[in-house]
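For reference, the chains in residue letters:
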Amino acid sequence: MVLTSLYATIFPMVPIMFSKVNVQKMTVFVILLSLFMTFSGCTTETEGNKENITNVTTQVATTNKQGEYELIVVDGVIISEITRYTGECYENELQNCENSFAVVVDNKSDKSYRVLNFSVRMEGIDYHFSIKALLAGTRCFAVNLENKSHTGELSVPSVTLIKAEEYTFMPTLHLDEISISYTDRLVQVENISDRDLQGVTVFYKQSYQGMFFGGAAFQLFMGTIPKGQIVQNSDENVIKDGVTFIYSLYGDA
């Protein structure tokens, strides 16, 4: 990807190589993230509709004492970076992006969001985002849903919150009762509890070096697992060291 002279002159290039993320047996190509502005301060889960806007609030980027920007999505959740992205990424569906408007979102709060929908406005253009399973203390890289290209213009952005839905339970993997291991395209769950478990479902997100990659969250149904037994299931979206399992759900058999 060739940067415009404006970016090359004013801002440094920051190349970041993401690990391979297999989506429908496709591989993530080399990604070049060119940061032009830094702010301080299976099935997929499909939640939210950007056309169904309720309780809208808009925040304009402000500066802190260090003169750095802070763009708040909702209390405790900020956009820490705005960037351009070229490569493959999974939001609500597989996207092949080129110079697409993308963000890094940091959840610095103690709240976990099942879905967080918002839009970012720059140079008169609105870019919509939907992030599923943004757990407390995590960060996520996401590309805008429309896959709109970045204009290359510089301006103070604003963000509009569309939907913020918290989990009604504490998301956890229950590692005191199940053990999860995986290799490429194969997930293995062992019941280490003292009872049979029914309807075991594990949830995960694509990830890279501790950061969620893409807004989508995935779920994989494992079925009933008797105590002391192991169940395996295949999932082409699972790549070793390229996903993070985030929580599991089940009941007593």
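This write-up is about the structure you can find in this document. Predicted, not measured: the structure shown is a model, and the values here were computed from it.

Quick word on the overall build of the chain
Item 1. Summing up its helical and strand segments, the chain has one helix and 19 strands in all.
Item 2. Each of the 253 residues in the chain was classed as buried or not, and the buried ones make up 50%.
Item 3. Approximately 11,800 Å² of the chain is accessible, and the part contributed by carbon and sulfur atoms is 49%.

Considering the nonpolar core
Item 1. Counting 30 residues, the largest nonpolar core has Ile79, Leu116 and Phe118 as its most contacted members.
Item 2. For this core, the secondary-structure elements that each account for two or more residues are β6 (69-74), β7 (77-90), β8 (94-107), β9 (113-122), β10 (125-134), β11 (139-143), β12 (158-166) and β19 (243-252).
Item 3. Ranked by size, the runner-up nonpolar core spans 21 residues in total, among them Tyr90, Val200, Phe218 and Met222.

Remarks on the sheet that holds strand β13 (residues 178-183)
Sheets are built from strands that pair by backbone hydrogen bonding, the pairs being arranged parallel or antiparallel.
Item 1. Pairing is antiparallel across the open sheet formed by three strands, whose spatial order is β13-β14-β18. Across the chains shown, the open sheet's two edge strands, defined by having one partner strand only, are β13 and β18 (230-234). In this sheet, neighbouring strand axes are inclined to one another by 20 degrees on average, regardless of whether the strands run parallel or antiparallel.
Item 2. Of the pairings in the sheet, the one linking strand β14 (residues 186-191) to β18 comprises five bridges and is antiparallel in character. Bridge pairing in β18 links Val189 to Val231.

Considering the packing of aromatic side chains
Item 1. Under the defined criterion, the tally for this structure stands at 14 aromatic pairs.
Item 2. Here Phe203 and Tyr247 contribute two aromatic rings whose centre-to-centre distance is 4.2 Å and whose plane-to-plane angle is 15 degrees, an arrangement assigned as stacked. Taken together, the residues Phe203 in strand β15 (residues 197-208) and Tyr247 in strand β19 connect sequence positions 44 residues apart. Comparing Phe203 with Tyr247 shows no difference in burial state: the two are buried.

Quick notes on the environment of Glu190
Item 1. Structurally, Glu190 can be placed in strand β14.
Item 2. What makes Glu190 partly exposed here is its relative accessible area of 28%.
Item 3. Spatially, the C-alpha atoms of Glu190 and Ser179 are 5.0 Å apart, while their sequence positions differ by 11 residues.
Item 4. What Glu190 contacts, discounting residues up to four positions off in sequence, is Glu177, Ile178, Ser179, Gln229 and Ile230.

Observations concerning the environment of Pro171
Item 1. Considering the arrangement of structural elements, one finds Pro171 in the loop between β12 and β13.
Item 2. A relative accessible area of 13% places Pro171 in the buried class.
Item 3. Placed 77 residues apart in sequence, Pro171 and Ser248 show a C-alpha to C-alpha distance of 7.5 Å.
Item 4. Discounting chain neighbours no more than four positions away, the residues touching Pro171 are Ser112, Leu135 and Tyr247.

Structural notes on the pattern of salt bridges
Item 1. Applying the stated criterion across every chain yields a total of seven salt bridges.
Item 2. A salt bridge links Glu165 to Arg114; the shortest N-O distance between them is 2.4 Å. With a gap of 51 residues between them, Glu165 in strand β12 and Arg114 in strand β9 connect regions that are remote in the sequence.
Item 3. The shortest N-O distance in the salt bridge between Arg195 and Asp252 comes to 2.4 Å. With a gap of 57 residues between them, Arg195 in the loop between β14 and β15 and Asp252 in strand β19 connect regions that are remote in the sequence.
Item 4. It is possible to trace a salt-bridge network through shared partners that takes in Arg114, Lys163 and Glu165.

Conventions adopted
- Residues numbered from 1 in each chain as written.
- Predicted model: local features only at pLDDT ≥ 70, side-chain atom pairs only at ≥ 80, totals over all residues.
- Heavy atoms only, no water.
- Helix = DSSP H or I, 4+ residues; strand = E, 2+ residues; numbered from the N terminus.
- Buried < 20%, exposed > 50% of the residue type's maximum accessible area, 1.4 Å probe, protein only.
- Areas by Shrake-Rupley, 256 points an atom, 1.4 Å probe, with all protein chains shown as cover.
- Core = buried A, V, L, I, M, F, W, Y, C linked by side-chain atoms within 4.5 Å.
- Pairing = 2+ DSSP bridges.
- Axes fitted to C-alpha atoms, helices over the stretch in contact; angles between N-to-C directions.
- Phe/Tyr/Trp six-rings, centres within 6.5 Å; stacked < 30°, edge-to-face > 60°.
- Contact = heavy atoms within 4.5 Å.
- Salt bridge = Lys/Arg side-chain N within 4 Å of Asp/Glu carboxyl O.

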